[in-house]
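What follows is each chain in one-letter form.
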Amino acid sequence: MDCVLFQHLLLPHIFISSSSQRSHVVRFGLQRYRWPNFGCWAVGIPEIEPDNSFDDDNSLKGRENGWVLGGLDDWSSPAAVGTVDAEITPETVDFFVSDAKGDPDCPSEGFSSIDLALNVLRQGKFVIVVDDEGGQVEGNLVMAASLSTPAAVAFMVKHGSGVVSVGMKGEDLERLKLPLMSPENEDDSSAPPFTVTVDVKAGTFTGVSASDRARTLVALSSSNSKPDDFRRPGHVFPLKYRNGGVLRRAGHTEASVDLVILAGLRPVSVLSSVVDAEDGSMASLPSLRKLALEHSIPVVSITDLIRYRRKREKLVERTDFSRLPTPWGQFQVYCFRSKLDRTEHVALVKGNIGNGQDVLVRVHSECLTGDVFGSARCDCGNQLALALQLIEQAGRGVVVYLRGHEGRGIGLGHKLQAYNLQDQGHDTVEANLKLGFAADARDYGIGAQILRDIGVRTMRLMTNNPAKFTGLKGYGLAVVGRVPVLTPITDENRRYLETKRAKMGHVYRSDAQDPLAELLSPSVNYTDSPQEPQNNERH
């Protein structure tokens, strides 16, 4: 046997490996053990015949990403450990996707870039904003209220629902004394926060014509307008924008105001839902694209706008740090608070990050059941323990622990519902979809900003998940290598791991014969002394 698998009551299935002749210190609880080095990386049973646990179309027929090795007869027993292929396989080359695909500035396929939309808005033209490229689509014609014209309003009325709305910030609504129609629904994100309707008095007749409504739109956008300048009710429908925009609520009102703000214009937008010309239903995505093509209108997605803003705005603040002794060694622990929802995230830092180059990094999604209670349904707890062990051995690295990622972003309660569905025969992806969620609803932008704040610039990312690699790009970070995080396969998690490989593209092969050896640098003196990480950017 070329490697060893350790067993411990609190930290089951922790193993280490290296091809160097130095020994490694392994800490379990309060005990310290020194073991010679071993030369393997993956875990599982070599040359085992797969059983018939996967007889459906997503079984072990295809092993493009390095199939999950055979299950263990007894998950609590030590298992034999095999090695992985030393060569860089086509699968792991594909893991490192193109820069453009991971860049938040790169639009989703079939959509225009946010930068193009901003340039168009500055010219007083329309963009079409789409909220969901799957499921029920809603597309809105959007422009800056301050640049409204009768021709633009006429175009909206012709192709839209006839309702012309205005996205406005709360302070402007208060200044103009425009209260909500239904104040009791203000906190209901699904209810449109309409205020009382208005028409501007000066220069208008009935208020319903395109020219009258254009005058009202311009008046609402003016910082010099006063409450007495408007009649109530009227024919223009103001909507209250939620502070934080699409980063708080992914709605058309928030998207429209965010866009005009990013364009450098007054934070007042005009929007109208696009409807089908034949039956008056919401226009489909093909219909929206046809309209856009005919009139040279960019089509942008709210998802892309969210990514665009996340890249440019600092969304977390570092609050506190302290020394943290752990079973693996001593780390510095940092608390970061989200400016959006006040969620607190954690970063564990080992050694001196220095210039931020070639740092061993694990971005770990919170999993209460796996990380704290040792659930055998997943491999989360073992992955976290292994990541901390490898960073301790390397003497330098970071673990970012992202809260709010429970169940791949669906929350603890929904994850327990998904567990019940899995017990009924659904796999982990099917269970999330059946509950009405995406297969993976996590976003790693917060994690990327935490890494930037700590001082990381290039990293060796400990992950099997290509989406995590892609989600960290575009924030001034570069992934220069991947370190697989391979933990024991059990009867309880075997189907879960295989589903992640088959349906979510997880890669279970190493990019190097001995990844850890490349991470250990005996010539560098890393210490556990408390110190603030390098932070070359202050926003």
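Figured I'd write up the structure that's included with this text. (Residues numbered from 1 in each chain as written. Predicted model: local features only at pLDDT ≥ 70, side-chain atom pairs only at ≥ 80, totals over all residues. Heavy atoms only, no water.)

## Focus on the overall build of the chain
Next up, step 1: Of the regular secondary structure elements, the chain holds 18 helices and 18 strands.
Next up, step 2: Expressed as a percentage of contacts within the chain between residues at least 6 apart in sequence, the contacts between residues at least 24 apart total 71%.
Next up, step 3: Per element, the accessible surface of the chain, about 23,700 Å² overall, is 50% carbon and sulfur. (Helix = DSSP H or I, 4+ residues; strand = E, 2+ residues; numbered from the N terminus. Contact = heavy atoms within 4.5 Å. Areas by Shrake-Rupley, 256 points an atom, 1.4 Å probe, with all protein chains shown as cover.)

## Regarding the nonpolar core
Grouped burial of nonpolar side chains is what soluble globular proteins tend to show.
Next up, step 1: In terms of nonpolar packing, the biggest core is built from 44 residues, with Leu-259, Val-361, Val-398, Ile-450, Leu-451, Ile-454 and Val-456 touching the most fellow members.
Next up, step 2: In terms of nonpolar packing, the next biggest core, distinct from the first, is built from 36 residues, Ala-145, Val-166, Val-270 and Ile-297 among them. (Core = buried A, V, L, I, M, F, W, Y, C linked by side-chain atoms within 4.5 Å. Buried < 20%, exposed > 50% of the residue type's maximum accessible area, 1.4 Å probe, protein only.)

## Examining the sheet that holds strand β9 (residues 230-240)
The strands that make up a sheet pair up through hydrogen bonds in the backbone, lying either parallel or antiparallel.
Next up, step 1: Pairing is mixed across the open sheet formed by 7 strands, whose spatial order is β8-β9-β7-β10-β6-β5-β11. Either end of the sheet is taken by a strand with one partner, and the two such strands are β8 (198-200) and β11 (299-301). Adjacent strand axes in the sheet meet at a mean angle of 45° when their direction is disregarded.
Next up, step 2: Relative to β11, helix α9 (residues 302-312) is tilted by about 65°, and along the sheet it contacts β5 (127-130) and β11. (Pairing = 2+ DSSP bridges. Axes fitted to C-alpha atoms, helices over the stretch in contact; angles between N-to-C directions.)

## Some remarks on the sheet that holds strand β14 (residues 344-350)
Next up, step 1: Taken in spatial order, the 7 strands line up as β12-β13-β14-β16-β15-β17-β18 in an open sheet, and their pairing is mixed. One side of each edge strand has no neighbouring strand; the edge strands of this open sheet are β12 (316-326) and β18 (478-483). Mean inter-strand twist for the sheet, computed between neighbouring axes without regard to direction, equals 25°.
Next up, step 2: As defined by bridge partners, β12 adjoins strand β13 (residues 329-338) across 10 bridges and the pair is classed as antiparallel. Residue Glu-317 lies in a different strand from β13, and its bridge partner there is Arg-337.
Next up, step 3: In this fold helix α11 (residues 380-394) packs onto β13, β14, β15 (359-365), β16 (397-402), β17 (458-462) and β18, with an angle of close to 160° to the strand it touches most, β15.
Next up, step 4: With respect to the sheet, helix α15 (residues 445-454) is in contact with β12, β13, β14, β15, β16 and β17, its orientation differing from that of β16 by roughly 145°.

## Digging into the packing of aromatic side chains
Next up, step 1: Overall, the coordinates contain 3 aromatic pairs when judged by the stated rule.
Next up, step 2: The ring of Phe-111 carries Arg-289 above its face, with NZ or CZ at 4.9 Å from the centroid.
Next up, step 3: Over the ring of Phe-331 we find Lys-350, and its NZ or CZ is 5.5 Å from the ring centre. (Phe/Tyr/Trp six-rings, centres within 6.5 Å; stacked < 30°, edge-to-face > 60°. Lys NZ or Arg CZ within 6 Å of the ring centre and 35° of its normal.)

## A closer look at the packing of helix α4 (residues 150-159) against helix α6 (residues 210-221)
Next up, step 1: For the pair α4 and α6, interaxial distance at closest approach is 8 Å and the crossing angle is 110°. Compared by their axis directions, α4 and α6 come out roughly perpendicular. Here the hand of the crossing between α4 and α6 comes out right-handed. Along its contact with α4, which presents Pro-150, Val-153, Ala-154 and Val-157, the element α6 presents Ala-210, Ser-211, Arg-213, Ala-214 and Leu-217.
Next up, step 2: In terms of residue class, the contact of α4 with α6 is made up of 7 nonpolar, 1 polar and 1 charged. (Parallel < 35°, antiparallel > 145°, perpendicular 65-115°, else oblique. Left-handed = near helix turned anticlockwise from the far one by under 90°. Nonpolar A, V, L, I, M, F, W, Y, C, P; charged D, E, K, R; others polar.)

## Notes on helix α13 (residues 412-423)
Next up, step 1: Here α13 is 12 residues long and its end C-alpha atoms lie 17 Å apart, about the 16 Å a rise of 1.5 Å per residue gives.
Next up, step 2: Among all positions of α13, only Lys-415, Ala-418, Tyr-419, Leu-421 and Gln-422 are buried. The arc that holds every buried residue of α13, seen down its axis, measures 165°, which confines them to one face. (Expected span 1.5 Å × (residues − 1). Arc of directions from axis to C-beta.)

## Describing the pairing of β16
Next up, step 1: A large share of β16 lies buried, amounting to 6 of its 6 residues.
Next up, step 2: Where burial is concerned, the two faces of β16 agree: the one with Gly-397, Val-399 and Tyr-401 and the one with Val-398, Val-400 and Leu-402 are both buried.
Next up, step 3: Of the pairings in the sheet, the one linking β14 to β16 comprises 5 bridges and is antiparallel in character. Residue Val-349 lies in a different strand from β16, and its bridge partner there is Val-398.
Next up, step 4: Relative to β16, β15 is paired through 6 bridges, and the arrangement is parallel. Its bridge partner lying in β16, Val-363 is registered against Val-400.

## Considerations on the packing of helix α7 (residues 252-262) against α9
Next up, step 1: Relative orientation of the contacting elements α7 and α9 amounts to 50°, with a least axis distance of 11 Å. Taken together, the axis directions place α7 and α9 in an arrangement best described as oblique. Note that α7 runs across α9; the crossing there is left-handed. Of the residues in α9, those in contact with His-252, Ala-255, Asp-258, Leu-259 and Leu-262 of α7 are Ile-302, Leu-305, Tyr-308 and Arg-309.
Next up, step 2: The residue makeup of the contact of α7 with α9, split by class, is 6 nonpolar, 1 polar and 2 charged.

## Observations concerning the pattern of salt bridges
Next up, step 1: Enumeration over the complete set of coordinates arrives at 16 salt bridges.
Next up, step 2: One continuous salt-bridge network, built from bridges that share partners, spans Glu-317, Arg-337, Arg-342 and Glu-344. (Salt bridge = Lys/Arg side-chain N within 4 Å of Asp/Glu carboxyl O.)

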